[in-house]
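Examination of the molecular architecture
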Amino acid sequence: LEIRTQMGRLDELIQDYLSLVRVSNIELQPEDLGLCVQAWSAEMQAQAAAQGVTLQMKGLEHLGQVQFHASTLRRAMLNLVQNALDVVAEGGTVSITGHSTATQAQLQVCDTGSGIAAERLERIFEPLYTTKPGGTGLGLYIVQEIVAAHGGQITVQSVEGQGTSFTITLPRTPTQGTA
């Protein structure tokens, strides 16, 4: 059993590493970000319901066209939602909210979990840093790399005992040398 557990972790590490390698040469396509996020979130609805957690979506229909690579951005979003589901107790909420301006599209994944201690917060995007038993410590690092490959940024806010909020900000204009 121990060997199988370690093999599972090794496989997870390899998959994480491979997705990191692929991030460097993604091709961005204009798509409706809100529609995509709604479809990806639907994949997590059953898991949320099984855990007694409400998965809410707000403002996604107004996000409009953004240049992104669907499969890698999907991975980043599902990673954030999965992390949120891991920390939210039954009866809690995970919400995915869209905000839009002329130059940016924002996706926020918020949870009503236990929050993250301030001293841990500054390290959570570091490679191999994890507080999860059996975690690889590459999840949030990869999310950050994926967002960076889209010319965007990810920020986190958390209050211990109240929950955590991750915000992905993506530029509206293509990042390849257009003025």
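My aim in this report is to walk through the structure given alongside it, one point at a time. Nothing here was measured: the structure is a model prediction, and the numbers come from that model. (Residues numbered from 1 in each chain as written. Predicted model: local features only at pLDDT ≥ 70, side-chain atom pairs only at ≥ 80, totals over all residues. Heavy atoms only, no water.)

Turning to the overall build of the chain, a few remarks are in order. When helices and strands are counted, the chain shows five helices and seven strands. On C-alpha atoms alone, the chain measures out to a radius of gyration of 16 Å, which is about the 16 Å that the 2.2 N^0.38 rule sets for 179 residues. Principal-axis analysis of the C-alpha atoms gives the chain an extent of 55 × 35 × 30 Å. Residue burial in the chain is summarised as follows: out of 179 residues, 43% are buried. In the chain, once contacts between residues fewer than 6 apart in sequence are set aside, the share between residues at least 24 apart is 73%. Accessible surface for the chain amounts to roughly 9,600 Å². Of this, 53% is attributable to carbon and sulfur atoms. (Helix = DSSP H or I, 4+ residues; strand = E, 2+ residues; numbered from the N terminus. Rg over C-alpha atoms; globule rule 2.2 N^0.38 Å. Buried < 20%, exposed > 50% of the residue type's maximum accessible area, 1.4 Å probe, protein only. Contact = heavy atoms within 4.5 Å. Areas by Shrake-Rupley, 256 points an atom, 1.4 Å probe, with all protein chains shown as cover.)

A side chain with one charge can pair with a side chain of the opposite charge if their charged atoms come near. Following the criterion strictly, the structure yields three salt bridges and no others. A salt bridge links Lys132 to Asp86; the nearest nitrogen and oxygen atoms lie 3.0 Å apart. With Lys132 in the loop between helix H4 (118–121) and helix H5 (139–149) and Asp86 in helix H3 (residues 70–87), the pair connects residues that are 46 residues apart, well separated along the chain. The salt bridge partner of Glu126 is Arg123, with a shortest N-O separation of 3.1 Å. Given a relative accessible area of 32%, Glu126 falls into the partly exposed group. (Salt bridge = Lys/Arg side-chain N within 4 Å of Asp/Glu carboxyl O.)

Count 3.6 residues to each turn of an α-helix, and residues three or four apart come out pointing the same way. Every buried residue of H5 is listed here: Gly139, Leu140, Ile142, Val143, Ile146 and Val147. Along H5, the residues classed as buried sweep out an arc of 155° about the axis, all on the same side. One or two steps after H5, the chain reaches Gly151, where phi turns positive at roughly 75°. (Arc of directions from axis to C-beta.)

Their axes nearest at 9 Å, the elements H3 and H5 cross at an angle of 140°. Handedness of the H3/H5 crossing: left-handed. Contact with H3, carried on its side by Thr72, Leu73, Arg75, Ala76, Asn79, Leu80 and Asn83, involves Gly139, Leu140, Val143 and Ile146 of H5 and no other residues of that element. Residue classes in the contact of H3 with H5 are distributed as six nonpolar, four polar and one charged. (Axes fitted to C-alpha atoms, helices over the stretch in contact; angles between N-to-C directions. Left-handed = near helix turned anticlockwise from the far one by under 90°. Nonpolar A, V, L, I, M, F, W, Y, C, P; charged D, E, K, R; others polar.)

Turning to the sheet that holds strand E5 (residues 104–111), a few remarks are in order. Read across the sheet, five strands follow the order E2-E4-E5-E7-E6 without closing on themselves; strand pairing throughout is mixed. Only two strands of the sheet have a single partner each, and these edge strands are strand E2 (54–58) and strand E6 (153–159). Neighbour to neighbour, the strand axes of the sheet diverge by 15° on average, direction disregarded. With eight bridges joining them, E5 and strand E7 (residues 163–171) adopt antiparallel strand pairing. Along E7, the bridge assignment pairs Gln108 with Thr167. Across the face of the sheet, helix H2 (residues 33–50) comes into contact with E2, strand E4 (93–100), E5 and E7 while running at roughly 170° to E2. Seen against the sheet, H5 touches E6 and E7 and runs at an angle of roughly 140° to E6. (Pairing = 2+ DSSP bridges.)

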